[in-house]
Amino acid sequence: HNGGHRRVAGAGWGGGATVPEQQPPHGQGGMLLKGQIELTIGNQTRLCQPGGMFISPPDTPHRAEAINGSALVLDIFSPMREDYAALLNKYIPPA
């Protein structure tokens with residue numbers, strides 16, 4: 001969902017899936033809906049359980065890994081990530 005200057009997206013990860021360290025200019029927050037992930041933001045690493053929320057400020061290095069099986073994450077980006085919008089909205093027909 002695109003909400004003006006934000007992007008909301010669900011991401012399903014297989015067991016062992018990794019989001020490599022990145023440091024984008026976008027702020028990112030989210031909630032773990034299913035599974036477990038090991039999340040590192042800056043120099044802090046923690047284990048996230050379902051219902052756990054996180055915030056990564058703009059320009060802050062972060063990475064994540066699904067552990068003990070698959071995971072489902074709800075991500076919110078601000079400002080909207082045009083690269084994700086172009087990639088993920090391919091299946092939506094034009095109005």
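Keep in mind it's a predicted model, so treat the numbers as computed, not measured.

Description of the overall build of the protein chain
Right, so step 1: Each helix and strand in the protein chain was counted, giving one helix and seven strands.
Right, so step 2: Its helices and strands taken in sequence order, the protein chain reads β-β-β-β-β-β-β-α from the N to the C terminus.
Right, so step 3: Taking all 95 residues of the protein chain together, the buried fraction comes to 32%.
Right, so step 4: Long-range contacts, defined as pairs at least 24 residues apart, comprise 73% of the intrachain contacts of the protein chain with a sequence gap of at least 6.
Right, so step 5: When the accessible surface of the protein chain is summed, it comes to about 5,800 Å², and 59% of that surface belongs to carbon and sulfur atoms.

With respect to the confidence of the model for the protein chain
Right, so step 1: Confidence in the prediction of the protein chain, expressed as mean pLDDT, is 81, and 72% of residues score 70 or more.
Right, so step 2: For the protein chain, per-element mean pLDDT is lowest for strand 1 (residues 2-3), which scores 47, and highest for strand 5 (residues 44-48), which scores 96.

Focus on the environment of leucine 47
Right, so step 1: Assignment of secondary structure puts leucine 47 in strand 5.
Right, so step 2: According to the relative accessible area criterion, leucine 47 is partly exposed, its value standing at 44%.
Right, so step 3: Remark: the alpha-carbon pair of leucine 47 and alanine 66, spanning 19 residues in sequence, is separated by 9.8 Å.
Right, so step 4: Ignoring sequence-local partners within four residues, the contact set of leucine 47 consists of Gln36, Ile37 and Ile67.

Overview of unusual backbone geometry
Right, so step 1: Phi angles above zero are rare outside glycine, and aspartate 59 is one such case at about 60°.
Right, so step 2: You can see aspartate 59 is positioned in the loop between strand 6 (53-56) and strand 7 (62-78).
Right, so step 3: Overall, aspartate 59 belongs to the partly exposed group, its relative accessible area being 48%.
Right, so step 4: One non-glycine residue, asparagine 68, lies in the positive phi region at around 60°.
Right, so step 5: Checked against the element boundaries, asparagine 68 lands in strand 7.
Right, so step 6: The class for asparagine 68 is exposed, based on a relative accessible area of 72%.

Quick look at the pattern of salt bridges
Right, so step 1: Applying the stated criterion across every chain, the model contains one salt bridge.
Right, so step 2: The closest approach of N and O atoms between arginine 63 and glutamate 65, which form a salt bridge, is 3.9 Å.

Scoring rules and cut-offs
- Residues numbered from 1 in each chain as written.
- Predicted model: local features only at pLDDT ≥ 70, side-chain atom pairs only at ≥ 80, totals over all residues.
- Heavy atoms only, no water.
- Helix = DSSP H or I, 4+ residues; strand = E, 2+ residues; numbered from the N terminus.
- Buried < 20%, exposed > 50% of the residue type's maximum accessible area, 1.4 Å probe, protein only.
- Contact = heavy atoms within 4.5 Å.
- Areas by Shrake-Rupley, 256 points an atom, 1.4 Å probe, with all protein chains shown as cover.
- pLDDT = per-residue confidence, 0-100.
- Salt bridge = Lys/Arg side-chain N within 4 Å of Asp/Glu carboxyl O.

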